[in-house]
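# Analysis of the macromolecular model
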Amino acid sequence: MTNFPMTDFHGVYPYLVSPVGEGGEIRGDVLTCLIDDLIKAGVHGVTPLGSTGEFAYLNNEQRSAVVRISIEAAAGRVPVVAGVAATATADAVAQARLYAGLGADGILAILESYFPLKDAQVEEYFRAIVDAVDIPIVLYTNPQFQRTDLTLDVIARLAEHPRICYIKDASTNTGRLLSIMNRCERLKVFSASAHIPAAVMLIGGVGWMAGPACIIPRQSVRLYDLCRAGRWAEAMELQRKLWRINEVFAHFNLAACIKAALQHQGYDVGDPVPPQRPLGADERRIVAAVLDEMSG
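Residues numbered from 1 in each chain as written. Predicted model: local features only at pLDDT ≥ 70, side-chain atom pairs only at ≥ 80, totals over all residues. Heavy atoms only, no water.

A separate point is helix α1 (residues 28-40). Taking 1.5 Å of rise per residue, the 13 residues of α1 would be expected to cover 18 Å, and the 18 Å separating its terminal C-alpha atoms lies within 8% of that figure. Taken residue by residue, α1 has G28, V30, L31, L34, I35, L38 and I39 as its buried positions. Projection of α1 onto a plane perpendicular to its axis shows the buried side chains occupying an angular sector of 165°, all on one side. Among the exposed residues of α1, those oriented more than 90 degrees off its buried face are D29 and K40. For α1, the secondary structure elements touched by its buried residues are β1 (11-14), α2 (60-74), α8 (217-228) and α10 (254-264). G42 lies just past α1 and shows a positive phi near 105°. (Helix = DSSP H or I, 4+ residues; strand = E, 2+ residues; numbered from the N terminus. Expected span 1.5 Å × (residues − 1). Buried < 20%, exposed > 50% of the residue type's maximum accessible area, 1.4 Å probe, protein only. Arc of directions from axis to C-beta. Contact = heavy atoms within 4.5 Å.)

Dropping the structure here:
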């Protein structure tokens, strides 16, 4: 496969929540409304089935519904980069082909593992995904949650593939990111959220993919615009203010926090998928107070 669209991914890509009803159905109207509002707020793309999307807790039917609805809702206005995650390579390949067939603009490739894997096996997993589709691939690495991470050597070898154009690194380790940038000049870097976006933009990042962008999209886009303009003093002032969101979220389950915040904003996204638990009343009040502070 040599002919493929080279969409330029950059900016703020909210990790969408997956609104799940009590019967397990995906609440398509809620997800559509959320995506429409995020696009109106200026986000540059959307990412269904990221970590905030609870991909590990959904079945195949639910995951495909989330991706299909996201693509339909975006309607070509912004790119949709769909998360693919599996422990088995064949499962990941099947997901990638399905989402590409539905019209995804890119794939966020995530490795789940139970048994430890050698570098060669990790590399084979990602190569199988990229060889199965003809759209750009975003590598995803999150040492905090993944049993098997991508080493710098693996990233460098994968970055030689013409369809592996991006990496979303959630390590918050700017030294690691500089090493990636120095060794992989083609590979464009997306950061995680929290304190790191402005720092990553300063050293050459192209944006961030993050759950909190679902609830503070305008502030996130403003931060990105300030960074792009080189207005670093203003960017850091806003970054420090937005850090309050992450200080609170560090104490609770991320998906539960984002869903509670969205419910506070009027989106009926439902509770996190069990065995995760929703926030209690006191926790919801804490989240609501910080969110109101951000909006003030």
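Having seen the structure, we can now continue with the description.
With that out of the way, let us pick up helix α9 (residues 232-249). Relative to the 26 Å expected for 18 residues at 1.5 Å per residue, α9 spans 25 Å between its end C-alpha atoms, a close match to the ideal helical length. The largest bend along α9 measures about 25° and falls at L242. Burial in α9 covers these residues: A235, L238, Q239, L242, I245, N246, V248 and F249. On the buried face of α9, the contacting elements are α7 (197-202), α8, α10 and α11 (281-295). (Bend = angle between axes of the 7 residues up to and from the residue.)

Moving on to the pattern of salt bridges. A full pass over the atoms with the stated rule returns 17 salt bridges. Put simply, E234 and R222 hold a salt bridge, and the shortest N to O gap is 4.0 Å. Of this pair, E234 sits in helix α9 while R222 sits in helix α8, placing them twelve residues apart in sequence. Among the charged side chains, a network of salt bridges with common partners joins D36, K40 and R77. (Salt bridge = Lys/Arg side-chain N within 4 Å of Asp/Glu carboxyl O.)

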